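These are the residues of each chain, in order.
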Amino acid sequence: MDDTTRKVVADVVRRCRETGNDVTPTLACFMVRTMQLQGVALADKGSTESFEEFCAQCSERLTLSDSPSLQNIKMQIAVEEANVLYAKAIAKATRERDERAATMEREIISAVVESSLDEVLLLDNLYRTVFRYVAVAGGMEIALSDAQVEAETFAALESVFPHHGLRRFFGLSGSEKAAQLKELASIVLGIRIFNRSIGKGGRRLEDPAPPYLAQAAHLREDLGAKLMATERLMGQYAGVISFKAQSMRPGSELLVRLRDEQTNRQAYASALRRLIDGCAKGAAAVASLADQLSREVVSVQQLVGAKNSVPKEKVYPRLDALGALHFALAEERRAQGVLQRVADRLVEFTKPFKTSLSNQLLHETSASQSSGKGGGGAPLLDDAGPGAVEDPILAAAAVGAEVMDGGVTMLQYAGYDLHALVKRTGLLIPANAFTGTVVSFSGKFYGFAGKESALQFAAQPEEYIKDAMDRLRAQPELIYMMGVASGEFPTVDIAPIIDMMSTPQSCDFGTQTPTHFVENNIDKDYEWNEWALRQRALHLANLRQKQTHGAQTYLSHFRRENTMQVWLPKESSAQTAVAKVGVDSDQPLATSHHVTQLRKRGSKL
């Protein structure tokens with residue numbers, strides 16, 4: 001998808017949501033591509049008017065109210081989205097589990113025991129890794145969080161692969177290790193299944209077969225009831241359209257509305273049939289797997305019995321088969337979730353529009369059928385498309401077409417009558433592959449509801465096929481129903497569109513750091529020159545109006561290099577009299593006289 005289409009899809013989704021209509025990107029992309037099929041020019045990047053016009057037209061089509069054709073497209077996309085996205089989620093979970101198991105497998109295979117200094121610790125860690133691998137690869141990850149399940153699984157592993165067998169295991173080649181690890185996971189799972197069957201284990205190991213069969217039976221019953229009601233409604237539509245087509249042109253408003261409603265219910269019934277068929281096939285497969293599983297459990301019970309030991313050559317293959325069968329049942333159980341998700345999405349399309357089948361129309365049709373006039377007249381045909389051929393048999397032989405009576409199961413265009421599609425403005429009439437008429441042309445088979453329609457098609461097959469393609473472009477809801485999306489119209493194939501719109505898109509993107517920064521908020525008063533800033537500071541200080549005080553001097557006025565304007569006293573010695581008396585001083589020295597020995601020893605005063 002190019003950038004222009006992505007831009008259009010995003011704008012269309014925005015427009016629809018602003019009007020209160022929740023439109024998915026997949027539906028918007030489908031509508032954009034169907035408009036391209038119909039010849040509407042895609043919006044040009046450089047033309048704002050064409051872009052707005054295209055987006056407005058597309059959003060207008062997506063916001064139509066009470067439109068059976070739009071609801072038909074929404075239903076088809078919703079069903080495919082539920083099918084594809086949920087299947088992708090299951091596949092992603094399975095892939096992540098396999099990747100985790102593969103990581104552990106590589107760790108085990110690449111481990112080297114002989115050169116390790118702490119061999120005992122290494123073997124213990126490797127055995128724990130083997131246990132985790134068995135739990136993940138065997139679908140028993142609950143054993144990593146549940147203590148009881150862990151103990152049971154660990155005991156099963158120890159019985160098959162004891163701790164003292166690690167050294168012999170690491171003597172095998174890499175391919176042999178990988179094969180034995182896969183077999184080991186299946187055998188351990190088989191042991192737990194056997195323990196569950198005899199009532200001595202199997203904690204939190206559910207048997208997938210009973211819940212699958214119960215849910216499948218309930219789903220088939222619910223879908224069968226809906227299909228029966230839908231087929232009854234389709235019969236009423238067919239009767240009314242057949243009655244009104246005898247007196248009204250195919251392009252009349254009533255017949256177009258009835259045609260769209262009938263087509264919507266045909267698509268709904270087709271989706272129900274696919275779900276019922278999927279449930280039936282899944283139930284048959286699960287029943288077969290469950291029967292094989294029960295037989296294998298009986299075989300293991302007969303082998304083991306009350307014996308204390310059983311040759312592993314006999315019991316291991318049986319346990320391996322038990323694990324493989326349980327794993328297949330678990331996969332079927334996950335696949336059933338896809339069917340349930342699709343069935344849940346179909347619920348909102350049970351009654352998506354207000355029907356035009358009034359009681360008056362049904363009464364008129366019933367009265368006409370009761371009098372024998374309901375199917376007596378031929379329907380009026382549209383003037384568009386190839387004209388009628390007077391001798392269709394001769395014309396069919398000239399172009400290499402052959403008309404035959406039924407007996408063909410693989411019909412083109414999902415078995416719908418191309419003559420009715422072209423000459424009755426897109427009316428879908430299913431052909432009976434066994435009792436109807438079939439035309440063979442260019443190695444393909446086309447089914448028709450009547451022989452006259454088949455003869456007219458056989459006379460001009462290429463013209464009818466070309467006009468049928470034009471009709472499908474005009475009614476894009478028919479493309480998916482007739483099974484030509486992946487062939488003739490790959491651009492509107494729903495599955496690739498869903499896959500493309502659900503996958504995060506990547507694009508080339510450069511750095512967000514500009515080469516030259518451009519500041520949005522530019523300060524016009526910014527000054528970078530230091531001397532100019534000093535001059536501004538002196539101007540703001542206005543020292544001419546200040547008085548000198550303290551230790552300031554006349555020389556300190558207006559001096560730029562002064563760090564401070566407080567002049568400290570000059571450093572000098574103390575100005576005391578003691579300090580000034582000395583050798584270098586002008587002051588006379590003070591002399592002191594002391595008289596000694598004024599007292600004589602032993603004299604008394």
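Residues numbered from 1 in each chain as written. Predicted model: local features only at pLDDT ≥ 70, side-chain atom pairs only at ≥ 80, totals over all residues. Heavy atoms only, no water.

Asks: Outline the packing of aromatic side chains, supporting the account with residue identities and numerical values.
Replies: Remark: the centre distance and the inter-plane angle together describe each pair of aromatic rings, the angle taken between the planes. Scanning the model with the defined rule gives 9 aromatic pairs in all. Residues Tyr127 and Phe161 carry aromatic rings whose centres are separated by 6.1 Å and whose planes lie at 10° to one another, so their mutual orientation is stacked. Of the two residues, Tyr127 is situated in helix α5 (residues 119-137) and Phe161 in the loop between α6 (147-160) and α7 (166-169); the sequence distance between them amounts to 34 residues. Residue Phe161 is classed as buried on the basis of its relative accessible area, which comes to 11%. Plain terms: the ring middles of Tyr413 and Tyr446 are 6.1 Å apart, the flat faces sit at 25° to each other, and that makes the pair stacked. Residue Tyr413 is located in the loop between β1 (402-405) and α14 (418-423), and its partner Tyr446 is located in strand β3 (residues 444-448); the two are separated by 33 residues in the primary sequence. Residue classification places Tyr413 among the buried positions, given a relative accessible area of 8%. Taken together through their ring pairs, the aromatic side chains of Tyr127, Phe131, Phe154, Phe161, Phe169 and Phe170 make up a single cluster. A cation sits over an aromatic face here: Arg265 above Tyr268, 4.5 Å from the ring centre. We note Arg534 situated over the ring of Trp531; from NZ or CZ to the ring centre the distance is 4.8 Å. (Phe/Tyr/Trp six-rings, centres within 6.5 Å; stacked < 30°, edge-to-face > 60°. Helix = DSSP H or I, 4+ residues; strand = E, 2+ residues; numbered from the N terminus. Buried < 20%, exposed > 50% of the residue type's maximum accessible area, 1.4 Å probe, protein only. Lys NZ or Arg CZ within 6 Å of the ring centre and 35° of its normal.)

Asks: Which residues make up the sheet that holds strand β2 (residues 437-441), and what values go with them?
Replies: Here we have 3 strands laid out as an open sheet, ordered β1-β2-β3, and antiparallel in their pairing. The sheet is open, and its two borders are formed by β1 and β3, each paired with just one other strand. Taking the axes of each pair of neighbouring strands and ignoring which way they run, one obtains an average angle of 30° across the sheet. (Pairing = 2+ DSSP bridges. Axes fitted to C-alpha atoms, helices over the stretch in contact; angles between N-to-C directions.)

Read these as geometric descriptors, not functional statements.
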